[in-house]
Each structure stands twice: as structure tokens, then as C-alpha cells.
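# Remarks on the overall topology
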Amino acid sequence: MSVVSDVTVTVPATTANLGPGFDCIGAALTLYNEFKFTRLQEGGLTIHVTGAEAERVQTDESNLLYQAFAKLYQYIEQTPPSVKMEIQLGVPLARGLGSSATAIVGGLVGANQLAGAPLSQLQVMELAIAMEGHPDNVVPALLGGCRLAATSDTGWEICEIPWYRDIVPVVAIPDFELSTSTARRVLATEVSRADAIFNTAHLGLLLRGLETGKREWLRTALQDKLHQPYRKALIPGYDAVNIAAVTAGAYGMVISGAGPTLLALADTTQSQAVEMAMLTAWQEAGITAVVRSLSLDTQGASSFHEG
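Residues numbered from 1 in each chain as written. Predicted model: local features only at pLDDT ≥ 70, side-chain atom pairs only at ≥ 80, totals over all residues. Heavy atoms only, no water.

### Details of the packing of aromatic side chains
- In the structure shown here, the tally under the stated rule is 4 aromatic pairs.
- Ring plane angle 10° and centroid distance 5.6 Å describe the contact between phenylalanine 37 and phenylalanine 69, whose orientation is recorded as stacked. Here phenylalanine 37, found in strand E2 (residues 25–39), pairs with phenylalanine 69, found in helix H1 (residues 64–75); they are 32 residues apart in sequence, far enough to count as distant. Neither residue differs from the other here; phenylalanine 37 and phenylalanine 69 are each classed as buried.
- Relative to tryptophan 282, the ring of phenylalanine 176 lies with its centre 6.5 Å away and its plane at 85°, an arrangement referred to as edge-to-face. Of this pair, phenylalanine 176 sits in the loop between strand E7 (167–174) and helix H5 (180–185) while tryptophan 282 sits in helix H10 (residues 271–284), and the two are 106 residues apart along the sequence.
- What makes phenylalanine 176 buried here is its relative accessible area of 19%.
- Under the relative-accessibility criterion, tryptophan 282 is labelled buried at 0%.
- Every member of this aromatic cluster is reached through a ring pair, and the members are Phe37, Tyr66, Phe69 and Tyr73. (Phe/Tyr/Trp six-rings, centres within 6.5 Å; stacked < 30°, edge-to-face > 60°. Helix = DSSP H or I, 4+ residues; strand = E, 2+ residues; numbered from the N terminus. Buried < 20%, exposed > 50% of the residue type's maximum accessible area, 1.4 Å probe, protein only.)

This is the structure we're talking about:
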């Protein structure tokens, strides 16, 4: 592939962990950030941002999208070109929906395309995991679908997890933020053997529940003892929203990534009732939220160029 002058990359939001799959499983959702990269003859770096919360995004070299862009050029031992970046935000910031993963994946894919695609998708993925520190968001953001990632002697093994067609992810996005670093600080540094066994069993059941859509399996499988018992205290109204979602017919509810977005899984016949119940529960707790039924994104990051 020849070097191109511009490329537009679209990257989906992600939800990580899905309860017991802490730091190893994630799913791409039908909510997107779009990044356009235009090679400039001179002028260094220009960044324009549009969409909700645009004013909060850095527009200098500290921008995570640019850091990923420059990282790929560093990896291939080239100097990054002068570039104009146009960011269209559709994924809320610091809400547990993988906004940082979209920037990392978007920057790496955009740079790879502008450079003439010297790296394979696997190499891009490995760079993304190295930048993010764990695979649960960046892997589905790049590849789409629901993905389980495990380390091997030679790198990473990525497994696509079948997702039953009638399972609807319902996201309840509150109007407050929770940083990943804050959400990690509250976690226990050691876990008991009993809790490790609990999560191992529930992750196994989750994989079968996602594949079959079996309600009883999913209701049990979404439980976790590694991160959610510690993090839910950081999310006002968590218990009320959880009770409301399950009462309205959800299989269960989990924290999306590090939070504060809450994710319920429901079937197609119950998703609208679950939406309304979660919204109402948070309103009664004095919290404004956006609640949406989404779908599983199966494409992952996509790119096109005009010349």
C-alpha cells in the first residue's frame, strides 16, 4: 500500500470486564469516535475537536491520539509527519466506555495508514495493549465483537466470544466521571483462593451464557468478587439502579470498565423497560444520566482514505 495523504478512522466504544472478566474480556459497542488525519507539508500539529465535552480534550502533543500516532512512527523508526487531526467525539470521556482506547487505537491505525501500512493488525494490537496496559478495551476496539485476551509464551492469544443475537447491552451513563486510576486504587491488593475460584467459575459461565443467551446462566455469571464490590461505593445510586434493572427484566447489571457507566444485559423484549427503569432510578437518586440500548459492534476500527 502506498503512502496516503489523509485517512479517517472510526473506532467503537467498548465495555470491559462484563462482571467476572476483570482486565481480560471486553466488547465493542455501537457508539463511536471518529478521527481524521491529514498530512501537512509543514506546521507541526493541529488538532480540532467537535462533539460533547470537546473543550476538555487537549490540543497539543499531550493529546493521547497524537501520542499513539507518534508511538507508531517511533516504532517504525520514522519521524512523525506534520499532521492535522480532526476529532469527532461520540464516546463520553472518563465514563468506563473506553474513550482512551478509541484514541490509542485511532492514533495507531491512522498513523499506520498514513505510513503506508507497514505494520500488521497484530502488531498494531500489540502496540495498543502496551500503551493501554491491559487488553480488555483496546482489543475489541480494534477487532470488534466480544473478545477474551490471554497471555501466552509468545505474546497474546485472542479469542472471539460468541454473543447471542437477542442479548442487548443497555448502558446508563451518568453525568459524573470516575477516573480509572481512582477506580483501581480502591481494589484489594490480594484476593482469597475462594474469591479466585468464584471468579474463575463465573467467567466460564459467562462465556456460555453469552453464547446461548440462557437467562439463568447470565443472571449468575455477571457476579464478581475482584473489582465490583470495591468500586460500587464510588458510584452513587448503584444499588438502586441495579435493583431497578433486574426488576425490569435485565439478566443482571455490571460496572462498565472502571465505571461510572453501568451496563445491564437484557433480551430484546425487555431492553426498553430496563432503559426506563435505570433512568428513573438514577433520577430518583438526584443524578442525571443518558440511558441507551446499543448493539454489539462486530467490525471494530475501520478506516478509509481519499488520496
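### Let's talk about the pattern of salt bridges
- Evaluated as defined, the whole model comprises 10 salt bridges.
- Ionic pairing is found between aspartate 23 and arginine 184, a salt bridge with its closest N-O pair at 2.7 Å. Within this pair, whereas aspartate 23 is found in the loop between strand E1 (6–16) and E2, its partner arginine 184 is found in helix H5, the two being separated by 161 residues in sequence.
- The partly exposed category is assigned to arginine 184, whose relative accessible area is 30%.
- Two residues, glutamate 177 and arginine 56, come together in a salt bridge whose shortest N-O distance is 2.8 Å. One end of the pair, glutamate 177, is in the loop between E7 and H5; the other, arginine 56, is in the loop between strand E3 (45–50) and H1, and 121 residues separate them in sequence.
- Classification of glutamate 177 by relative accessible area gives partly exposed; the value is 38%.
- You can call arginine 56 partly exposed: its relative accessible area is 40%.
- Through salt bridges that share partners, Glu53, Arg56, Arg95 and Glu177 make up one connected network. (Salt bridge = Lys/Arg side-chain N within 4 Å of Asp/Glu carboxyl O.)

### Regarding helix H9 (residues 238–247)
- Within H9 the residues assigned to the buried category are Tyr238, Val241, Ala244 and Ala245. In a view along the axis of H9, the buried residues occupy a sector of 135°, so they form one face of it. More than 90 degrees from the buried face of H9, the exposed residues found are Ile243 and Thr247.
- Each element contacted by the buried residues of H9 is listed here: strand E8 (252–255), strand E9 (262–267) and H10. (Arc of directions from axis to C-beta. Contact = heavy atoms within 4.5 Å.)

### Remarks on the sheet that holds strand E10 (residues 289–293)
- Strand order in the open sheet made by the 4 strands is E8-E9-E7-E10, with antiparallel pairing throughout. With one partner strand each, in any of the chains shown, E8 and E10 form the two edges of the open sheet. Strand-to-strand, the axes of this sheet are offset by a mean angle of 20°, without reference to chain direction.
- Across 5 bridges, the pairing between E7 and E10 is antiparallel. Across the sheet, isoleucine 173 pairs through a bridge with valine 290, a residue of E10. (Pairing = 2+ DSSP bridges. Axes fitted to C-alpha atoms, helices over the stretch in contact; angles between N-to-C directions.)

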